[in-house]
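Structural characterization, general
Spelled out, the chains give:
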Amino acid sequence: MTRTLSSPQRAACECGACHFEVSAAPAARFICHCRICQAFTGRPFSDVTIMRAKNVSMKDDENIAFRKYRLPPNIRRGLCKRCGKPAIELGGFGPLSIAFIPTPNFAHAELLPSVALHMFYDRRCADATDTLPKYSGYLPSQLALSKLLMELF
């Protein structure tokens, strides 16, 4: 089921050199505490909003430097070439392509879904004080994320 927005939601990296329009409501949001996300964001965790990639229109994508950190997962992580901050992450292929956009990149984060869970909680730098489900280890974290992704398709 695709939920639509009355107008496109906008997102951009910190300096605005990489910006996006999202034409359908994002499916979910989660917090990842894995070492890859910590390295990618330079923060103790990553607050991420996920949606179908086909609903994301990338503007100025020549300003994004994509890199794969390690497999799995097979996700291309894009940093802005100007400010060096996270812009977007892309995974999957064809009709199964998924976009992961750092939640702080959205102009109106208050319109996004609430955070659903914490994954790779065993890698956290500090305890979370919320009551959200917390998944530790690779398999439990990936299964929890897979369940969220099922809502996309």
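Preceding this section is the structure that the text describes.
What comes next is a walk through the structure. Everything quoted here is computed from the prediction, not taken from an experiment.

Turning to helix H2 (residues 138-150), a few remarks are in order. Look at H2: 18 Å from first C-alpha to last across 13 residues, which is about the 18 Å you get at 1.5 Å a residue. Within H2, burial applies to Ser-141, Gln-142, Ala-144, Leu-145, Leu-148 and Leu-149. Down the axis of H2, the buried set is contained in an arc of 160°. They therefore lie on one face. In H2, the exposed positions angled more than 90 degrees off the buried face are occupied by Leu-139, Leu-143, Lys-147 and Met-150.

A word on the packing of aromatic side chains. Overall, the coordinates contain two aromatic pairs when judged by the stated rule. Centroid distance Phe-30 to Phe-100: 6.4 Å. Interplanar angle 90°. Geometry classified as edge-to-face. Residue Phe-30 is found in strand E3 (residues 28-32), and its partner Phe-100 is found in strand E9 (residues 98-102); the two are separated by 70 residues along the sequence. On the accessibility criterion, Phe-30 (4% relative accessible area) is buried. Phe-100 gets classed as buried once you look at its relative accessible area, which sits at 6%. Considering the side-chain rings of Phe-120 and Tyr-138, the 6.2 Å spacing of their centres and the 50° angle between planes classify their relative orientation as tilted.

Take unusual backbone geometry next. You will see that Asp-60, though not glycine, has its phi angle at about 55°, which is positive. Within the fold, Asp-60 resides in the loop between strand E5 (56-59) and strand E6 (64-67). A positive phi angle, near 55°, is found at Phe-120, a position not held by glycine.

Attention now moves to the environment of Ile-36. Tracing the backbone through its elements, the reader meets Ile-36 in helix H1 (residues 35-41). The class for Ile-36 is buried, based on a relative accessible area of 10%. Distance in space between the C-alpha atoms of Ile-36 and Ser-46 is 9.7 Å, their sequence separation being ten residues.

Here the focus is the state of the cysteines. Simply put, the disulfide is a covalent bond whose two ends are the sulfur atoms of two cysteines. Scanning the entire structure with this criterion turns up zero disulfides. In this model Cys-18 remains outside any disulfide bridge; the closest cysteine sulfur is found in Cys-80, 3.8 Å from its own. Of the residues examined, Cys-18 reaches a relative accessible area of 0% and is grouped as buried. A disulfide-free cysteine, Cys-37 has its sulfur positioned 3.7 Å from the sulfur of Cys-32, the nearest such atom.

What follows concerns the environment of Ala-53. With respect to the helices and strands, Ala-53 occurs in the loop between strand E4 (46-52) and E5. Note: C-alpha distance between Ala-53 and Phe-100 (47 residues apart in sequence) is 8.4 Å.

Looking now at the pattern of salt bridges. All chains considered together, the criterion is met by six salt bridges. A salt bridge links Arg-124 to Asp-127, with the nearest nitrogen and oxygen atoms 2.6 Å apart. On the accessibility criterion, Arg-124 (32% relative accessible area) is partly exposed. The exposure class of Asp-127 is exposed, given its relative accessible area of 57%. For Lys-134, the salt bridge goes to Asp-130, with nearest N and O atoms at 3.0 Å. We classify Lys-134 as partly exposed; its relative accessible area is 29%. Classification of Asp-130 by relative accessible area gives partly exposed; the value is 30%.

The rules behind these values
Counting of residues starts from 1 at the beginning of each chain's written sequence and follows it residue by residue. The model is predicted, so local features are restricted to residues of pLDDT at least 70 and side-chain atom pairs to those at 80 or more, both for listing and for counting; the totals for chains, interfaces and linings are taken over all residues. Only hydrogens and water are removed before side-chain values are computed, so all heavy atoms of the structure are retained for them. Labels follow the DSSP assignment, with helices taken as runs of H or I lasting at least four residues and strands as runs of E lasting at least two, numbered in each case from the N terminus. Expected helix span is taken as 1.5 Å per residue step, with the number of steps being one fewer than the number of residues. Burial classes follow relative accessibility: with a 1.4 Å probe on protein chains only, a residue under 20% of its type's maximum area counts as buried, one over 50% as exposed, and anything between as partly exposed. Along the arc lie the directions from the helix axis toward the C-beta atoms. Note on aromatic pairs: the rings of Phe, Tyr and Trp (six-membered ring only in Trp) are paired at centre separations within 6.5 Å, and the planes decide the class, stacked below 30 degrees, edge-to-face beyond 60, tilted for the rest. We call a pair of cysteine sulfur atoms a disulfide whenever their separation is within 2.5 Å. Between Lys or Arg on one side and Asp or Glu on the other, a salt bridge is scored when a side-chain nitrogen of the former is within 4 Å of a carboxyl oxygen of the latter.

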